[in-house]
Amino acid sequence: MKTLWHHCHAATMAGGKYSIIEDAAILTDGARIEWIGPSASAPEIGDCGRVDLEGAWVTPGLIDCHTHLVFGGDRSGEFEERLEGVSYAQIAARGGGIASTVRATREASEDALFEVAKKRAVGLMREGVTALEVKSGYGLDLASERKMLAVARRLGDTLPLTVRATCLAAHALPPEYANRADDYIAYVCDEMLPALVEEGLVDAVDAFCEHIAFSTQQVERVFRCAHELGVPVKLHAEQLSSLHGSSLAARYRALSADHLEYMTEDDAIAMAQSGTVAVLLPGAFYMLRETQVPPIDALRRHRVPIALASDLNPGTSPALSLRMMLNMGCTLFRLTPEEALAGVTINAASALGLRSTHGSLEAGKAADFVAWRIDRPAELSYWLGGALQNRVVRGGAETDFERIAR
Ligand code: DI6
Ligand code: FE
């Protein structure tokens, strides 16, 4: 079934720029874009549907390329306690922090996790997200990591949403491996990853490279294992200190290195050479009241593609809005609105290994787009909150949020 979507302007994001087409039309054939261009030169089409977009601006569907949106419980109680003066160390000492999310996630049934994760995903979708990544990493044992990844697969199977599942078993040390990080990494490499990859639950492998998590040597073991299994890697790197995890990621041709506040220019050069995307996470920067800004000028100078994501997680970035990250990327990191929009479309697609099929409005790509009630694309970064979207189209069909809610 072909449909002509007309009476709109398009910021196609082809080539990482707005690449604007005024008075545009989009011809979709099923789930693909068959043609896009100025409506005056639209191809002759006989019998097809027509949708009047009423002067809206159209962009590619937004892509949230870094989320941890499957988790049990939340940490709003800890947030409140900390603001009342209880220290992070006190909370950690009584088993709070990430350990409490691991406990809650292990205890939750797959169905219960699916229901809460679905609510979070649908919230993002309402704002225009048509593809997102889900990381595991709150299970930290084979059965619980499997449960998280299965929920990610189920989200993709049941919602009009493209979901990439990333195994982040090397996120934190589970309590049963206290003081035995190398043994845990051996368990991840020898048992967890081979089983989960074999079961088809893993699109990429991630790790947290930091003094409070895993060393570069431990991460490298995980990367070698992922490569042997034929799965691409990503890395949480340089969030709190400079360990050059991003250079290590580049050596393993990682899809992305994420956070990057403390990265160096040499790290940027390594990432540029390997085509590794820099995924910036302003929500975590903001919640942690971080002051070290990622080296945006070095990333620009060396042409490292920049993406932006929510990092939606219960500890450091309870961010239920990707569009808010556009504003934060501009305000906190001084990205331009055009860079910010590229960061949640074409570059986010690259960070998920989806660039050839998603992230821009071009013939042959997925018919995933959003029609916005705005007069200029910069408004997407400018307004703080508010419902600017008019229609969300995924796979050539308008998303029916009332049906999804039922
Ligand atoms: N970096 C972070 O900031 C989060 N995970 C990560 O790798 C923290 C996750 C949490 O506190 O639950
Ligand atoms: Fe993260």
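See the structure shown above.
## Considering the site of ligand 1
Next up, step 1: Around ligand 1 sit Arg-75, Ile-98, Tyr-138, His-171, Phe-208, His-236, Gln-239, His-259, Asn-313, Gly-315 and Thr-316, and those are all the residues in its vicinity.
Next up, step 2: Arg-75 is positioned such that a nitrogen or oxygen atom in its side chain is 2.7 Å from an oxygen atom of ligand 1.
Next up, step 3: A distance of 3.1 Å separates an oxygen atom of ligand 1 from a polar side-chain atom of Gln-239.
Next up, step 4: Computed on the free molecule, ligand 1 has an accessible area of 320 Å², of which 94% lies beneath the protein chains in the complex.
Next up, step 5: The residue inventory of the shell around ligand 1, partitioned by class, reads three nonpolar, seven polar and one charged.

## Digging into the coordination of the iron ion (ligand 2)
Next up, step 1: Donor atoms from the polypeptide that bind the iron ion (ligand 2) are His-66 (NE2), His-68 (NE2), His-236 (NE2) and Asp-311 (OD), placed at 2.1 to 2.3 Å.
Next up, step 2: Around the iron ion (ligand 2) sit four donor atoms, and with donor-metal-donor angles ranging over 81 to 167° the site reads as irregular.
Next up, step 3: We note that the donor set of the iron ion (ligand 2) lies within a single chain, spaced as H-x1-H-x167-H-x74-D. A single burial state applies to His-66 and to His-68, both of which are buried.

## A look at the nonpolar core
Side chains that are nonpolar tend, in soluble globular proteins, to be buried together.
Next up, step 1: Ranked by internal contacts, the top residues of the largest apolar core, which has 107 residues, are Leu-69, Val-70, Leu-155 and Tyr-184.
Next up, step 2: Look past the residues within four positions of Tyr-184 in its chain and what remains in contact with it is Leu-140, Ala-169, Ala-172, Leu-173, Pro-174, Tyr-177, Met-192 and Phe-214.

Rules and cut-offs
Residues numbered from 1 in each chain as written. Chains lettered and ligands numbered in written order. Predicted model: local features only at pLDDT ≥ 70, side-chain atom pairs only at ≥ 80, totals over all residues. Heavy atoms only, no water. Near = heavy atom within 4 Å. Polar contact = N/O pair within 3.5 Å; in protein donor to acceptor, adjacent residues only side chain to side chain. Areas by Shrake-Rupley, 256 points an atom, 1.4 Å probe, with all protein chains shown as cover. Nonpolar A, V, L, I, M, F, W, Y, C, P; charged D, E, K, R; others polar. Donors = N, O, S within 2.8 Å, 3.2 Å for Na, K, Ca; no water. Tetrahedral: all angles 85-135°; square planar, octahedral: opposite > 155°, others 65-115°. Buried < 20%, exposed > 50% of the residue type's maximum accessible area, 1.4 Å probe, protein only. Core = buried A, V, L, I, M, F, W, Y, C linked by side-chain atoms within 4.5 Å. Contact = heavy atoms within 4.5 Å.

Geometric descriptors of this kind do not, in isolation, establish any biological role.
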